[in-house]
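Given next are the chains, with one letter for each unit.
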Amino acid sequence: MSDPVYHRGPTTLRGEHIPDTTTDQRLLDSRDSTWLHTDPWRVMRIQAEFVEGFGSLAELGPAVSVFGSARLGEGTQAYELSRAVGRELAQAGFAVITGGGPGTMEGANRGAREGGGTSVGLGIELPHEQGLNPYLDIAVNFRYFFVRKMMFVKYSEGFVVVPGGYGTLDELFEALTLVQTGKITRFPIVLLGSSYWGGLTSWLRTSLIESGTISADESGLVSVTDDPREAARCIAEGAAMRRSSS
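Now for a quick tour of the structure. Model, not experiment: these values are computed from the prediction.

## A look at the overall build of the chain
The helix and strand inventory of the chain stands at 9 helices and 9 strands. Looking at the 246 residues of the chain, the share that counts as buried comes to 46%. For the chain, the exposed surface amounts to about 12,800 Å²; the carbon and sulfur share of it is 53%.

## Digging into the pattern of salt bridges
A full pass over the atoms with the stated rule returns 11 salt bridges. Residue Glu 49 pairs with Arg 143 through a salt bridge whose shortest N-O separation is 4.0 Å. Highlighted residues: Glu 49 in helix 2 (residues 35-57) and Arg 143 in the loop between strand 6 (138-142) and helix 5 (145-154), separated in sequence by 94 residues. Both residues of the pair, Glu 49 and Arg 143, belong to the buried class. Here Arg 233 makes a salt bridge to Glu 237, at a shortest N to O gap of 2.4 Å. With Arg 233 and Glu 237 both in helix 9 (residues 228-245) and 4 residues apart, this pair spans about one turn of that helix. Its relative accessible area of 36% is what places Arg 233 among the partly exposed residues. We classify Glu 237 as partly exposed; its relative accessible area is 42%. Linked through salt bridges whose partners overlap, the residues forming this network are Glu 74, Arg 83, Arg 87, Arg 110 and Glu 114.

## Notes on helix 4 (residues 104-114)
Most of helix 4 sits out of view: 9 of its 11 residues are buried. Along helix 4, the residues that are buried comprise Thr 104, Met 105, Glu 106, Gly 107, Ala 108, Asn 109, Arg 110, Gly 111 and Ala 112. Buried residues belonging to helix 4 abut strand 3 (63-67), helix 3 (77-91), strand 4 (95-98) and strand 5 (119-124). Gly 116, located one to two residues past helix 4, shows a positive phi value of around 80 degrees.

The rules behind these values
Residues numbered from 1 in each chain as written. Predicted model: local features only at pLDDT ≥ 70, side-chain atom pairs only at ≥ 80, totals over all residues. Heavy atoms only, no water. Helix = DSSP H or I, 4+ residues; strand = E, 2+ residues; numbered from the N terminus. Buried < 20%, exposed > 50% of the residue type's maximum accessible area, 1.4 Å probe, protein only. Areas by Shrake-Rupley, 256 points an atom, 1.4 Å probe, with all protein chains shown as cover. Salt bridge = Lys/Arg side-chain N within 4 Å of Asp/Glu carboxyl O. Contact = heavy atoms within 4.5 Å.

In structure tokens, the structure reads:
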């Protein structure tokens, strides 16, 4: 049996060298009494991650981020949906960016390869190592979630969201917030899988709109479909409109 492997940014660790905490955890832990001495150096590491990400993706071309669960692997409906939409996006001329891990992320990267497109994975240091899937043409590992999130937004022309958990919801609502507040130019966000997302979209239409916390127009920032081809078409049309108005 091989030793456990742990990725921390570009570094691979094994055995006794695997840390007990992640870099993000140490940065955000207010109990760290040595912050005055360590945080200035952390700024340099954060800067280096931005430089590495920008350098790796600057020449990627049109791309779409696909978000979804690491837990839903081959044989599940969500995996096959992500694989199909990855293939459709690649055939429409987009690179496909995921979190680089297993499950639906692997499905989207696999589909991108099958569609003849570029497959990208943006990995993250986690307490329980997920590892990168084997269908990546470009793989970049990050220590910090916020740096990784910047790369998803900066290099994507739209988002497709397949069934997922807390991490997927975090990525979805951050994208919606950035569009709603005008921090990024409005671009398409597509939820793939109406039975999975139906409760959420119903809640948006009822609880949020009826209470006045969002407007009816803002509920239209996201589209829902069961058809991977339709999802890719929505992304392509949105990207074309964005380019024509710039």
